[in-house]
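Structural overview for review
The chain contents come next:
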Amino acid sequence: MPGKYKLKYFAFRGRGELARLTFAAAGEEYEDFRLPYLGEEWYKIKPSTPFGTFPVLEVDGREIAGSYPIAGYIAREHGLMGKTGWEYTQIDMLADHSRDIYDPLMLVFFCKDEVEKAAMLKRYNERTLPRLLEGFQKILCANTNGKGYLVGDRVSLADIAFIHVMDWVDQHVPEALDKYPHLKALRERVEALPNIAAWIEKRPKTDL
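Residues numbered from 1 in each chain as written. Predicted model: local features only at pLDDT ≥ 70, side-chain atom pairs only at ≥ 80, totals over all residues. Heavy atoms only, no water.

**Things to note about the overall build of the protein chain**
The helix and strand tally for the protein chain stands at 8 helices and 4 strands. Expected size for 208 residues packed as a compact globule is a radius of gyration near 17 Å; at 17 Å, the protein chain falls within 12% of this value. Along the longest, intermediate and shortest principal axes, the C-alpha atoms of the protein chain span 45 × 45 × 30 Å. Here the protein chain holds 208 residues, and the buried ones make up 44% of them. Here the protein chain has roughly 10800 Å² of accessible surface; of this, 54% comes from carbon and sulfur atoms. Positive and negative charge centroids in the protein chain, built from 29 and 31 side chains respectively, lie 2 Å apart. (Helix = DSSP H or I, 4+ residues; strand = E, 2+ residues; numbered from the N terminus. Rg over C-alpha atoms; globule rule 2.2 N^0.38 Å. Buried < 20%, exposed > 50% of the residue type's maximum accessible area, 1.4 Å probe, protein only. Areas by Shrake-Rupley, 256 points an atom, 1.4 Å probe, with all protein chains shown as cover. Lys, Arg positive; Asp, Glu negative; His and termini not counted. Charge placed at Lys NZ, Arg CZ, Asp CG, Glu CD.)

Below, the structure written as structure tokens:
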């Protein structure tokens, strides 16, 4: 119901975008509350958040903190976590491993030493990213020969989490999916879904 959900995050995509994409896939309305990054208003609100961090989802006055717990809750409430216990666990596994794609890039982004930053990105591009993308593509190809979604026969949080992290990868390794045609096609399929495509088109344009 409109007004039930209030997502609190900063005024860019970042870690809050996974929840926004999941809301879009679900076709669910919510209040998209945004603050300037580390501005005065944030420091006033920070002590009242569960762990002093964003994103936070408010649900009828109660709060959930953390991007993946928030997205998982939305997905469970809206049928985006599979049809069986096995599918649920596979989706949870893939959403969790999508963080392994995202998190190292955050370290690269915030590294202030340009030499170390270049070395970190090189290691990521040569070791970390290929290992993870190979794993994702193997699982995708085992499900409907790679022509559908990561788990089951409909879009799930696993697919949403994957397109979310690839949006960030694009900024650092734009050719990342060139060697993974099934994953590239998956991304195109998911981003073309009407609700997700509409959100990507209308969301505020930000660098992060």
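**Details of the nonpolar core**
With 44 residues, the main nonpolar core has I101, L133, L150, F162, V169 and L183 as its most contacted residues. Among the elements that line this core, the one with the most residues is helix α6 (residues 157–169), at 10 residues. Contact partners of L183, with chain neighbours within four places excluded, come to L133, F136, Q137, L140, F162 and L177. (Core = buried A, V, L, I, M, F, W, Y, C linked by side-chain atoms within 4.5 Å. Contact = heavy atoms within 4.5 Å.)

**Some thoughts on helix α7 (residues 181–191)**
For α7, every residue scored as buried is listed here: L183, L186, R187 and V190. Taken around the axis of α7, the buried residues stretch over an arc of 100°, which confines them to a single face. Summarising the geometry of α7, the exposed residues directed more than 90 degrees from the buried face are P181 and E188. On its buried face, α7 is in contact with α5 (114–142), α6 and α8 (194–202). (Arc of directions from axis to C-beta.)

**Remarks on the sheet that holds strand β2 (residues 31–35)**
In space, the 4 strands of this open sheet follow the order β2-β1-β3-β4, with mixed pairing throughout. Edge strands, defined here as strands with exactly one partner in the open sheet, are β2 and β4 (62–65). On average, each strand axis in the sheet is inclined to that of its neighbour by 20°, with strand direction left out of account. Summarising the sheet, strand β1 (residues 5–10) and strand β3 (residues 56–59) pair through 4 bridges and their orientation is antiparallel. Across the sheet, L7 pairs through a bridge with L57, a residue of β3. (Pairing = 2+ DSSP bridges. Axes fitted to C-alpha atoms, helices over the stretch in contact; angles between N-to-C directions.)

**Section: the packing of helix α4 (residues 85–110) against α6**
Relative orientation of the contacting elements α4 and α6 amounts to 15°, with a least axis distance of 8 Å. Taken together, the axes of α4 and α6 lie roughly parallel to each other. Crossing hand, α4 versus α6: left-handed. Touching I91, L94, A95, S98, I101, Y102, L105, M106 and F109 of α4 are L157, A158, A161, H164, V165, W168 and V169, all from α6. Residue classes in the contact of α4 with α6 are distributed as 14 nonpolar, 2 polar and no charged. (Parallel < 35°, antiparallel > 145°, perpendicular 65-115°, else oblique. Left-handed = near helix turned anticlockwise from the far one by under 90°. Nonpolar A, V, L, I, M, F, W, Y, C, P; charged D, E, K, R; others polar.)

**What to know about the pattern of salt bridges**
Proximity of charged atoms lets side chains of opposite charge pair with each other. One pass over the structure, following the stated rule, counts 17 salt bridges. R15 is the salt-bridge partner of D103, the closest N and O atoms lying 3.4 Å from each other. Residue D103 is located in helix α4, and its partner R15 is located in the loop between β1 and α1 (17–26); the two are separated by 88 residues in the primary sequence. The partly exposed category is assigned to R15, whose relative accessible area is 28%. Notably, a salt bridge pairs D178 with K184, separated by 3.7 Å at the nearest N-O pair. A relative accessible area of 53% places D178 in the exposed class. With relative accessibility at 38%, the residue K184 sits in the partly exposed group. When salt bridges with common partners are traced through the structure, they connect R13, E17, R20, D32, R34, D167 and R203 into a single cluster. (Salt bridge = Lys/Arg side-chain N within 4 Å of Asp/Glu carboxyl O.)

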